[in-house]
Amino acid sequence: MDFIKLMNTKEYDFLRTNSRLGNRIILMGLGGSYAYGTNQENSDIDFRGITLNLPSDLLGLTGFEQYEDENTDTVIYSFNKVVKLLLECNPNTIELLGLDEEQYLIKTTLGQELLEHKSLFLSKRAAKSFGGYASAQLRRLQNAIARDSMPQNEREKHIYNSVKNALEDFRRKNEMFDKGNIHIYIDESERPEFKTEIFIDAEYRHLPLRDYENMLGVMNNVIREYDKIGKRNKKKDDNHLNKHAMHLIRLFMMAIDILEKGEIRTHRTDDLELLKSIRRGDFQKEDKTFSKEFYDILSDYEKRLETATGNTTLPDNPDMEKVGRFVEYINRKAIEGDFDERC
């Protein structure tokens with residue numbers, strides 16, 4: 001597919017007419033399955049990019065984080081926003097720095113300089129960020145399987161465990177919850193469609209309403225995510241199951257590359273056979289669960305990530321002094337207007 005030609009169609013006029021985009025875009029490339037090389041006939045086309053902040057963002061009162069065009073699945077991050085995400089090794093943004101040359105649609109001299117400085121953003125944080133995304137992907141996969149393969153009361157136990165884990169994680173990050181307690185448990189339901197249901201008993205004193213609301217929101221998000229899978233087109237959802245499984249393994253692959261080699265490899269050229277096999281459903285059984293072979297592969301990647309994390313030569317955190325100098329250099333160019341030269 002000619003992505004450059006597509007980018008220049010009327011549908012993508014916003015790239016040229018929006019005052020925050022146009023010649024301020026320093027880097028734009030493929031995202032999603034076309035970036036990974038796992039695309040199929042009906043795969044969506046995603047573009048991801050980075051645009052310079054306006055002088056008024058840097059010196060004045062305006063602010064800007066990202067531009068999204070839902071019609072074309074295009075997301076363009078501001079430079080300052082993407083730096084914050086890159087410092088955390090955020091998988092959705094750091095992959096933009098690891099495309100093959102031909103996968104970039106726009107690249108200016110400043111965009112090239114960003115690519116040449118990508119090692120500034122690589123640290124042991126990749127283990128946590130990619131591992132966190134992989135855990136979320138695994139939970140989606142397990143939730144979807146549970147929806148199809150378990151009776152209602154067993155599914156409720158599965159949701160209960162997910163909610164309990166999310167709550168414990170929330171408690172670790174928010175020490176203010178020593179002002180009371182919350183008890184989560186499963187009991188017989190009064191709803192005719194349920195055998196059992198998750199209940200809570202809560203007792204707090206002088207707890208800010210917003211903090212309590214945030215805690216309930218964490219638990220509700222788990223249930224909401226699970227219930228989304230229940231509103232399903234069967235064939236479409238089977239494809240989603242395999243897609244979740246594929247991305248789970250891909251996240252481990254990318255994290256291991258970063259930690260072992262200090263490389264960002266978004267286009268998984270050497271791994272496509274395995275990834276496409278997972279996406280085709282070769283590891284899915286008739287009952288929609290996954291085969292022992294798939295979980296053996298998953299276990300192997302989990303062990304490899306643990307080993308890579310322990311042996312990596314990457315620093316614990318990025319060198320903020322060096323990052324700061326580079327960010328200042330780019331932003332000076334943004335203020336002075338010295339940036340419109342494409343490679």
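Residues numbered from 1 in each chain as written. Predicted model: local features only at pLDDT ≥ 70, side-chain atom pairs only at ≥ 80, totals over all residues. Heavy atoms only, no water.

Here we look at the pattern of salt bridges
On inspection of all chains with the given rule, the structure shows 17 salt bridges. A salt bridge links Asp296 to Lys292; the nearest nitrogen and oxygen atoms lie 2.9 Å apart. With Asp296 and Lys292 both in helix H13 (residues 292-311), this residue pair falls four residues apart, about one helical turn. For Asp296, a relative accessible area of 39% gives the class partly exposed. In this structure Lys292 comes out as exposed when scored by relative accessible area, which is 62%. The residue Arg332 makes a salt bridge to Glu328 at a minimum N-O spacing of 3.0 Å. Highlighted residues: Arg332 and Glu328, both in helix H14 (residues 320-336), separated by four residues, approximately one helical turn. Judged by relative accessible area, Arg332 falls into the partly exposed class, the value being 48%. (Salt bridge = Lys/Arg side-chain N within 4 Å of Asp/Glu carboxyl O. Helix = DSSP H or I, 4+ residues; strand = E, 2+ residues; numbered from the N terminus. Buried < 20%, exposed > 50% of the residue type's maximum accessible area, 1.4 Å probe, protein only.)

With respect to the packing of helix H5 (residues 79-87) against H14
Axis separation between H5 and H14 bottoms out at 11 Å; the angle between their running directions is 160°. It follows from the interaxial angle that H5 and H14 lie roughly antiparallel. Between H5 and H14 the crossing geometry is right-handed. In contact with Phe79, Asn80, Val83 and Leu87 of H5, H14 contributes Met320, Val323, Phe326, Val327, Ile330 and Asn331. (Axes fitted to C-alpha atoms, helices over the stretch in contact; angles between N-to-C directions. Parallel < 35°, antiparallel > 145°, perpendicular 65-115°, else oblique. Left-handed = near helix turned anticlockwise from the far one by under 90°. Contact = heavy atoms within 4.5 Å.)

Re the side chain of Thr74
Looking at where Thr74 falls in the secondary structure, it is placed in strand E4 (residues 74-78). Take Thr74: its relative accessible area is 0%, and that puts it in the buried class. Of the polar contacts made by the side chain of Thr74, one reaches the side chain of Thr72; its length is 2.8 Å. The residues touching Thr74, leaving out its near neighbours within four places in the chain, are Tyr12, Phe14, Leu15, Phe47, Arg48, Tyr67, Glu68 and Asp69. (Polar contact = N/O pair within 3.5 Å; in protein donor to acceptor, adjacent residues only side chain to side chain.)

Points about the pairing of strand E2 (residues 46-51)
Where burial is concerned, most of E2 is hidden: five out of the six residues are buried. Where E2 meets E4, five bridges bridge the pair, whose relative direction is parallel. In the strand pairing of E4, Ile50 is matched with Tyr77. (Pairing = 2+ DSSP bridges.)

A word on unusual backbone geometry
Phi is positive for Asp73, close to 55°, though the residue is something other than glycine. Here Asp73 lies in the loop between strand E3 (66-69) and E4.

Structural notes on the sheet that holds strand E5 (residues 104-107)
On the basis of which strands lie adjacent, the open sheet formed by five strands has the order E3-E4-E2-E1-E5 and mixed pairing. The open sheet has two edge strands, E3 and E5, and neither has a second partner. Direction aside, the axes of adjacent strands within the sheet are offset by 15° on average. With four bridges connecting them, E3 and E4 associate as antiparallel partners. Opposite Glu68, over in E4, you have Val75 as the bridge partner.

Regarding the packing of helix H7 (residues 109-116) against H14
Close contact between H7 and H14 brings their axes to 12 Å; oriented N to C, the two are set at 175°. Comparing the axis directions of H7 and H14 gives the class roughly antiparallel. Residues Leu110, Glu113 and Leu114 of H7 lie in contact with H14, whose contacting residues are Phe326, Tyr329, Ile330 and Lys333.

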